[in-house]
Every structure is written in structure tokens, then in C-alpha cells.
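A look at the structure
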Amino acid sequence: MPFAWAAGVRCAAVLSFDVDGESGMLQADPKNKNRLSVMSWARYGPKVGVPRILDMLEAKGVKATFFVPGYTAELYPDLVKRIHDEGHEVGAHGYLHEPVSTLDPIQEEAALVKTCTILEQITGRKPVGYRAPLWEVNPCSAEILARHGLIYDSSLMDDDRPYTFSTPAGDLVQIPVHWTNDDWEQFAFLYEPRIGSGVIESCEKALQVWKEEFDGMHRYGGAFVLTMHPELIGRPARVMMLEQLIDHMRSRDGVWLTTCEEIAHYQISRSAALASTEV
Ligand code: ZN
């Protein structure tokens, strides 16, 4: 049965950007801080990629979701403020890009609170959304998010559509992702350290994969959530490719190109309406 989007909507689509910056490389190995070429590869994201992406989104009139680690926000507060001031959503993405599978619940909660505080100090608004670094999620993660007032997570892969589930601290919306819809698989090549997919695909191939995935979601009425990293997707040819993808999505009927936050709010209101009709 098709998902009950709002009237006139056939599927949703989100452009989401994980602004890892240097945090991922430092998390992988603190010694990377002295590897200037490696760090420069990572720095390209916040230094060049995000401003170029923001300019493109402005020209296209598209709002997107940016998940930012606390460490990246501390290094680039003006950039995070610009993202927020231009009407995009800023969500949390760990402090130093910690895979939470390596943390106990107290450490996991501390990283979340620290990052939310940093982001709120910069934007004036507490994040409502979270994406786990590396999409690693613990059994306790949802409850921690709900306890701190976040309304959604976008890290799991068990559906094509948003869904609501209960935690001891309240409900949480899940906005599913998938490796197919991630630029990491297409473009994440580093010679050393061997982090990433180890390939550099052409824009043509990546565009083809994502068009196919989007068309499938359009056919079945799901939410197409594209996960991207500005150090990869922010390169000139790839931003041009992203413009083509936006044009493709807009050529189809009933496409709601929006943010994760808007999808979460829609799902919350939908769940409330369903609950009231069941009483
Ligand atoms: Zn990340």
C-alpha cells in the first residue's frame, strides 16, 4: 500500500550532507593530524564543498539537511551559522565522529549533549535530528535521542519510508538511509589511509545509480534520502551532477523535495492522526 503522503505528494526526497570535515580522519587515528595531505582532503568539505553546495542550493531554491559533528562546528562556526541562516536544517552527527558502537551509554549521551549544545550556541536552535557517524547505532541510542528532545534519527535501513517507534523516553521517527544512496560508495578514494570505498566513479555513473533509486522510490511512494559528504560531492563536476539530479527529480509529478526535519514533523502528525482514529 502506498505511504500516505500529503495530498498531491507521491514521494519525498531529501538531499542530506554529513559535514564530517577533519573529524572523521582524527577519529580514525589521532596521528592523522600530522598528515597534512590527508587532512587537506577532509578539509576540502567545509572549506570549499559546503560553500559551493550552499550557492547551488540557493540558486535552485532547495532546502537541505546538514548533519554536523560538534568538532566540525567548533572549527567552522561561521559556516554552520550560514547553513542555518540560509534556511537549511542543521542536525547532530556525533562530536568527533565517534562510532557509538565504541562508546558506553554515558559516553554516547555525553557526545550527543555536547554536540547539541555547540550547535545551539551557533545557530540559536537546538537540533531535532540526528544521524549516527558511520550509521552505527546502539540499542540504547534511540532512547538517548528521545530523552534529549530529538524527534528523529536517520541511520537505519529497514524501510523505504519514515516510521515511528517507541522508546522508554518517548517516540522517535526513523528516516531510513541506504548505502546505494551514499556518495561514499561512489567517490571515497584515499591512497592512504585505506578508508572509504577505494573508487572514484564518474559522475555519469553516480547520477545513473541515484536516478534509478529515485525513480524506484517515486514508483513505490517512499522517501529518497541521499547521503553526501561535502569533501566528495562538493567537487565542481559533482555539484553540477547534483544539479542534474535535482532537475530530474523535479521533472516527476508529486515530488516533495524537503528536509529530514519536515519529513519527521509530517510523520509525527500522521501518527497522531492515525492514533486518534484508532481510539
Ligand atoms: Zn559522517
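The sections below set out a description of the structure shown in this document. (Residues numbered from 1 in each chain as written. Predicted model: local features only at pLDDT ≥ 70, side-chain atom pairs only at ≥ 80, totals over all residues. Heavy atoms only, no water.)

The sheet contact formed by strand β5 (residues 152-153) and strand β7 (residues 170-174) spans two bridges and is parallel. Counterpart to Asp-153 in the pairing with β7 is Gln-174. As defined by bridge partners, strand β6 (residues 163-167) adjoins β7 across five bridges and the pair is classed as antiparallel. The partner of Tyr-163 across the bridge, within β7, is Gln-174. (Pairing = 2+ DSSP bridges. Helix = DSSP H or I, 4+ residues; strand = E, 2+ residues; numbered from the N terminus.)

Quick look at the pairing of strand β3 (residues 89-92) now. Because side chains alternate across β3, one face comprises the buried residues Glu-89 and Gly-91, and the other comprises Val-90 and Ala-92, equally buried. As defined by bridge partners, strand β2 (residues 65-68) adjoins β3 across four bridges and the pair is classed as parallel. Across the sheet, residue Phe-67 finds its bridge partner in β3, namely Gly-91. (Buried < 20%, exposed > 50% of the residue type's maximum accessible area, 1.4 Å probe, protein only.)

Binding of the zinc ion to the protein goes through Asp-20 (OD), Asp-20 (OD), His-93 (NE2) and His-97 (NE2), at separations of 2.0 to 2.6 Å. Coordination at the zinc ion is irregular, judged from the four donor atoms that bind it and the angles of 53 to 140° they form at the metal. Every donor residue of the zinc ion comes from the same chain, spaced as D-x72-H-x3-H. Of the two residues, Asp-20 sits in the loop between β1 (11-18) and α1 (23-28) while His-93 sits in the loop between β3 and α5 (105-123), which places them 73 residues apart along the sequence. For the pair Asp-20 and His-93, one class covers both residues: buried. (Donors = N, O, S within 2.8 Å, 3.2 Å for Na, K, Ca; no water. Tetrahedral: all angles 85-135°; square planar, octahedral: opposite > 155°, others 65-115°.)

Tallied over the full model, the rule gives one cavity of 30 Å³ or more. Quantified by volume, the largest cavity comes out at close to 80 Å³. Looking at side-chain class alone, the lining of the largest cavity contains eight nonpolar, two polar and two charged residues. (1 Å grid on protein atoms, 1.4 Å probe; cavity = no way out; pocket = protein on both sides within 12 Å on 5 of 7 lines; lining within 4 Å. Points joined across faces, edges and corners; volume = space filled by probe spheres on them. Nonpolar A, V, L, I, M, F, W, Y, C, P; charged D, E, K, R; others polar.)

Our next topic: the packing of aromatic side chains. Evaluated as defined, the whole model comprises eleven aromatic pairs. Plain terms: the ring middles of Trp-41 and Trp-184 are 6.2 Å apart, the flat faces sit at 80° to each other, and that makes the pair edge-to-face. Here Trp-41 is found in helix α2 (residues 36-60), whereas its partner Trp-184 is found in helix α7 (residues 183-187), with 143 residues between them in sequence. These aromatic residues form a ring-pair network of at least three members: Phe-3, Trp-5, Trp-256 and Tyr-266. One residue, Arg-219, lies across the ring of Tyr-220, its end atom 4.6 Å from the ring centre. Stacked on the ring of Phe-187, the Lys or Arg Arg-238 has its end atom at 3.9 Å from the ring centre. (Phe/Tyr/Trp six-rings, centres within 6.5 Å; stacked < 30°, edge-to-face > 60°. Lys NZ or Arg CZ within 6 Å of the ring centre and 35° of its normal.)

Before going further, it helps to examine a nonpolar patch on the surface. Taken together, Phe-189, Tyr-191 and Ile-200 make up a surface patch of nonpolar side chains, about 340 Å² in accessible area. In this structure, Tyr-191 sits in the loop between α7 and α8 (203-220). The class of Tyr-191 is exposed, set by a relative accessible area of 61%. (Patch = residues over 30% accessible without salt bridge, like charges linked within 9 Å, V, L, I, M, F, W, Y side chains within 5 Å. Areas by Shrake-Rupley, 256 points an atom, 1.4 Å probe, with all protein chains shown as cover. Salt bridge = Lys/Arg side-chain N within 4 Å of Asp/Glu carboxyl O.)

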